[in-house]
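# Residue-level structural notes
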Amino acid sequence: RVKRAVTGAMSLASRSGNANLASKRAETALERGDFGEAEDLLKTLVEDFKAQPSAKGRYAKALLMLASAQWRQQKAPEARENAEAARVLLTDPKQAPELAECLDLLGSIAIQEEDAAGAVRFFGEAIEALEKTRRQDPAISTGLQRRYSAALRKQGDFERATQAIEPAVRLTGQQHGQDDI
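Okay, so let's go over this structure. (Residues numbered from 1 in each chain as written. Predicted model: local features only at pLDDT ≥ 70, side-chain atom pairs only at ≥ 80, totals over all residues. Heavy atoms only, no water.)

### Details of the packing of helix H3 (residues 56–72) against helix H4 (residues 76–89)
To keep it simple, the criterion reads: Axis definition: a line fit to C-alpha positions, over the contact stretch in the case of helices; interaxial angles, taken between N-to-C directions, run 0 to 180 degrees. Secondary structure elements follow DSSP: runs of H or I of four or more residues count as helices, runs of E of two or more count as strands, with numbering from the N terminus. Geometric relationships in this document are graded by angle, where less than 35 degrees denotes roughly parallel, more than 145 denotes roughly antiparallel, 65 to 115 denotes roughly perpendicular, and other angles denote oblique. Each crossing gets its hand from how the near helix is turned against the far one by less than a right angle, where anticlockwise is left-handed and clockwise is right-handed. Only heavy atoms matter for contacts: two residues are in contact if any of them lie within 4.5 Å across the pair. Three categories are distinguished: nonpolar for Ala, Val, Leu, Ile, Met, Phe, Trp, Tyr, Cys and Pro, charged for Asp, Glu, Lys and Arg, and polar for the others, with Gly belonging to the last.
Remark: H3 packs on H4, axes separated minimally by 8 Å, with the N-to-C direction vectors making an angle of 160°. Considering the angle they form, H3 stands roughly antiparallel to H4. Taken as a pair, H3 and H4 cross one another with a handedness that is left-handed. Residues Lys56, Tyr59, Ala60, Leu63, Leu64, Leu66, Ala67, Gln70 and Trp71 of H3 lie in contact with H4, whose contacting residues are Ala76, Glu78, Ala79, Asn82, Ala83, Ala85, Ala86 and Leu89. Here the contact of H3 with H4 is built from residues that sort into 13 nonpolar, two polar and two charged.

What follows is the structure, encoded as C-alpha cells:
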C-alpha cells in the first residue's frame with residue numbers, strides 16, 4: 001500500500017510539474033499572440049485538471065485562458081461555453097479578479113452576439129466582482145466601466161450609460177490628471 005501511495009503521489013507531482021510547464025507555455029503563447037498554439041496547450045491542460053478534483057482553481061483558470069484564446073480567434077460559441085464553465089467554478093472570494101475577467105469576457109461575447117441585455121448583466125456583475133478585490137487596476141476598471149456604459153447605450157438606456165461612465169472618468173482623472181480627460 002505504501003509503495004502504491006508513494007507511486008501515486010510521485011505521479012501526481014510529475015503531472016503537476018508538467019501542468020505548470022504547459023501553463024507557462026500557454027501563457028507565453030497568449031502573450032505573443034499565438035492563440036492557436038495556446039488553445040491546443042490549454043485544451044490539454046483543461047483535460048488534465050478536469051480529472052483532478054483538487055485542481056478546481058487551476059481548472060477554472062485554464063478554462064478561462066482557453067476561452068480567451070478562442071475568443072481572440074473569433075470562436076465565440078466555444079469561448080462562451082468555456083467561460084461559462086469557468087464561471088461556475090470561480091466561487092472562492094479570492095478568485096474575484098478571475099471572476100471579473102470571466103464576466104467581462106462573457107459580456108464582450110454578448111455584445112458581439114448583439115445581446116445588449118446579456119452584456120449589461122455580465123458587465124454589471126464583473127464590476128461588482130472587481131469591487132470586491134483589494135487592489136483594483138485603474139486601467140481594467142476604466143475599460144470595464146466603458147464597456148458597461150456602451151452596452152447600456154446599445155440597450156437604449158442613455159441615462160444609466162452616462163452614470164456608468166462617470167467612475168471611469170473619475171479614475172482616468174485621478175490616474176492621468178483632469179487635463180487628459
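Structure's up, so let's keep going.
### Notes on helix H2 (residues 35–50)
Because the α-helix completes a turn every 3.6 residues, residues three or four places apart line up on one side. Test applied: A helix's residues, less one, multiplied by 1.5 Å, set its expected span. Buried, partly exposed and exposed residues are distinguished by accessible area as a fraction of the type maximum, computed with a 1.4 Å probe on protein chains only: under 20%, between the cut-offs, and over 50%, respectively.
With 16 residues, H2 should cover 22 Å at 1.5 Å per step; its first-to-last C-alpha distance of 21 Å lies within 8% of that length. Taken as a whole, H2 has its buried residues at Phe35, Ala38, Glu39, Leu41, Leu42, Leu45, Val46 and Phe49.

### A word on the pattern of salt bridges
Going by this rule: Between Lys or Arg on one side and Asp or Glu on the other, a salt bridge is scored when a side-chain nitrogen of the former is within 4 Å of a carboxyl oxygen of the latter.
Here the structure, examined in full by the defined rule, presents nine salt bridges. As a salt-bridge pair, Arg32 and Glu37 come within 2.4 Å of each other at their nearest N and O atoms. Of the residues examined, Glu37 reaches a relative accessible area of 25% and is grouped as partly exposed. Note that Arg160 and Asp157 form a salt bridge whose closest N and O atoms lie 3.3 Å from each other. Salt bridges linked by common partners bring Arg32, Asp34 and Glu37 together as one network.

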